[in-house]
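Chain by chain, the residues:
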Amino acid sequence: MLTILYFARLRDVLGCASETLATPPATVRDLIALLVARGGVWQAELGGSRVFRMAINQEMAQLDDAIPAGAEVAIFPPVTGG
C-alpha cells in the first residue's frame, strides 16, 4: 500500500489531499508516470516543465529513488520564504 499526499496548489488543482494505491510503483519516476498518464490536470501539473518536489517518508526524494512498501509519498510545489 502506498499513501500519496498532495500539498498547497497541487491539492487544490488536483482536487484531493491524499489517495492510496494498492500496488506501489517501483520508483518515484514510475509514480509520476502513472499519475501523468491520468491526463488532464494531472498531466498539466506533474508532466512537462512544471516544478514540484517529492518526499518519501518525510525525506526529500529524487526521481530514481525506490519507493518502499507502505511508504508515504508527498508531492508539493517548491516553497519560498520571505
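Below is a short write-up of the structure. (Residues numbered from 1 in each chain as written. Predicted model: local features only at pLDDT ≥ 70, side-chain atom pairs only at ≥ 80, totals over all residues. Heavy atoms only, no water.)

To continue, consider unusual backbone geometry. Most peptide bonds take the trans configuration, and most residues that are not glycine carry a negative phi. Unlike most non-glycine residues, Ala-8 shows phi in positive territory, near 55°. Along the chain, the position of Ala-8 falls in helix α1 (residues 8-14). Overall, Ala-8 belongs to the partly exposed group, its relative accessible area being 37%. Its identity is not glycine, yet Gln-58 carries a phi of approximately 70°, on the positive side. Within the secondary structure, Gln-58 is located in the loop between β3 (53-56) and β4 (59-60). Its relative accessible area of 70% is what places Gln-58 among the exposed residues. (Helix = DSSP H or I, 4+ residues; strand = E, 2+ residues; numbered from the N terminus. Buried < 20%, exposed > 50% of the residue type's maximum accessible area, 1.4 Å probe, protein only.)

Let's shift gears to the sheet that holds strand β5 (residues 72-76). Strand order in the open sheet formed by five strands is β2-β1-β5-β3-β4, with mixed pairing between adjacent strands. Of all the strands in the sheet, the pair left with one neighbour each is β2 (18-21) and β4. In the sheet, β3 pairs with β4 via two bridges, with the strands oriented antiparallel. Residue pairing for β4: Ala-55 is matched across the bridge by Met-60. Packed on one face of the sheet, helix α2 (residues 28-36) meets β1 (2-6), β2, β3 and β5 and runs near 125° to β3. (Pairing = 2+ DSSP bridges. Contact = heavy atoms within 4.5 Å. Axes fitted to C-alpha atoms, helices over the stretch in contact; angles between N-to-C directions.)

Side chains bearing opposite charge may pair, as long as their charged atoms lie close to each other. Counted according to the given criterion, the structure contains five salt bridges. Residue Glu-45 pairs with Arg-9 through a salt bridge whose shortest N-O separation is 2.9 Å. Here Glu-45, found in helix α3 (residues 40-46), pairs with Arg-9, found in helix α1; they are 36 residues apart in sequence, far enough to count as distant. Taken together, the salt bridges that share partners define one network made up of Arg-9, Glu-45 and Arg-50. (Salt bridge = Lys/Arg side-chain N within 4 Å of Asp/Glu carboxyl O.)

Among the five residues in β1, four count as buried, and that is most of the element. Where β1 and β5 come together, four bridges link them in parallel fashion. When the bridges of β5 are listed, Thr-3 appears paired with Glu-72.

These values are about where atoms sit, not about what they do.
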